[in-house]
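Single-letter residue listing:
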Amino acid sequence: MDAITIVCKLTGETDEELVQTLLEDAKAHVLAYTNRTRMIPQLEKPVRDLAVIALNRMGTEGESSRSGSGESYTFDNAPKQIYDVLDRYRLARVGGAVYETKTQQTENIQS
């Protein structure tokens, strides 16, 4: 099952173009955060999770909290568990450069 289908099933969203855009944004964020140039399988779920969060937060951009009708909501950046996974696969900079292993497995992944 591809990422678009999974996010649509998790959220009930029917606009696949919107989901694709959110997945692309999440992928760019994950790659930048981890200092990688291409996706590895271990980062596919955090990308989907970030896309789901972005979809659920549409319309509340820039808010840190909201209350009304007796309900109160507080918005965090992203759950710590997502960043725990991302930190596990983050590449360190050594002397200003990032060294990423080029393996057959990562070169064959399309995302």
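Fair warning: this is a prediction, and the values are worked out from it, not measured in the lab.

**Student:** Now, about the overall build of the protein chain: what can you tell me, with residues and values included?
**Tutor:** Across its full length, the protein chain holds 5 helices and 4 strands. Element order for the protein chain, N to C, with α for helix and β for strand: α-α-α-β-β-α-β-β-α. The 111 residues of the protein chain split such that 29% are buried. Accessible surface, the protein chain as shown: approximately 7600 Å² in total, 47% of it carbon and sulfur.

**Student:** So what's going on with the packing of aromatic side chains? Which residues, and what values?
**Tutor:** All chains considered together, the criterion is met by 1 aromatic pair. Residue placement shows Arg90 over the ring face of Tyr33; its charged tip is 4.1 Å from the ring centre.

**Student:** Please provide a residue-by-residue account of the environment of Leu31, values included.
**Tutor:** By the element assignment, Leu31 lies in helix α2 (residues 16–34). Judged by its relative accessible area of 13%, Leu31 is buried. Between the C-alpha atoms of Leu31 and Leu86, which are 55 residues apart in sequence, the distance is 9.4 Å. Excluding residues that lie within four positions of it along the chain, Leu31 makes contacts with Arg36, Thr37, Arg38 and Met39.

**Student:** Could you give an account of the packing of helix α1 (residues 3–11) against helix α3 (residues 44–56), with specific residues and numbers?
**Tutor:** Look at α1 against α3: their axes get within 10 Å of each other, and the N-to-C directions meet at 45 degrees. The angle between α1 and α3 places the two elements in the oblique class. The hand of the α1/α3 crossing is right-handed. Contact residues: Ala3, Ile6, Val7, Leu10 and Thr11 in α1; Arg48, Val52, Leu55 and Asn56 in α3.

Quick notes on the rules
- Residues numbered from 1 in each chain as written.
- Predicted model: local features only at pLDDT ≥ 70, side-chain atom pairs only at ≥ 80, totals over all residues.
- Heavy atoms only, no water.
- Helix = DSSP H or I, 4+ residues; strand = E, 2+ residues; numbered from the N terminus.
- Buried < 20%, exposed > 50% of the residue type's maximum accessible area, 1.4 Å probe, protein only.
- Areas by Shrake-Rupley, 256 points an atom, 1.4 Å probe, with all protein chains shown as cover.
- Phe/Tyr/Trp six-rings, centres within 6.5 Å; stacked < 30°, edge-to-face > 60°.
- Lys NZ or Arg CZ within 6 Å of the ring centre and 35° of its normal.
- Contact = heavy atoms within 4.5 Å.
- Axes fitted to C-alpha atoms, helices over the stretch in contact; angles between N-to-C directions.
- Parallel < 35°, antiparallel > 145°, perpendicular 65-115°, else oblique.
- Left-handed = near helix turned anticlockwise from the far one by under 90°.

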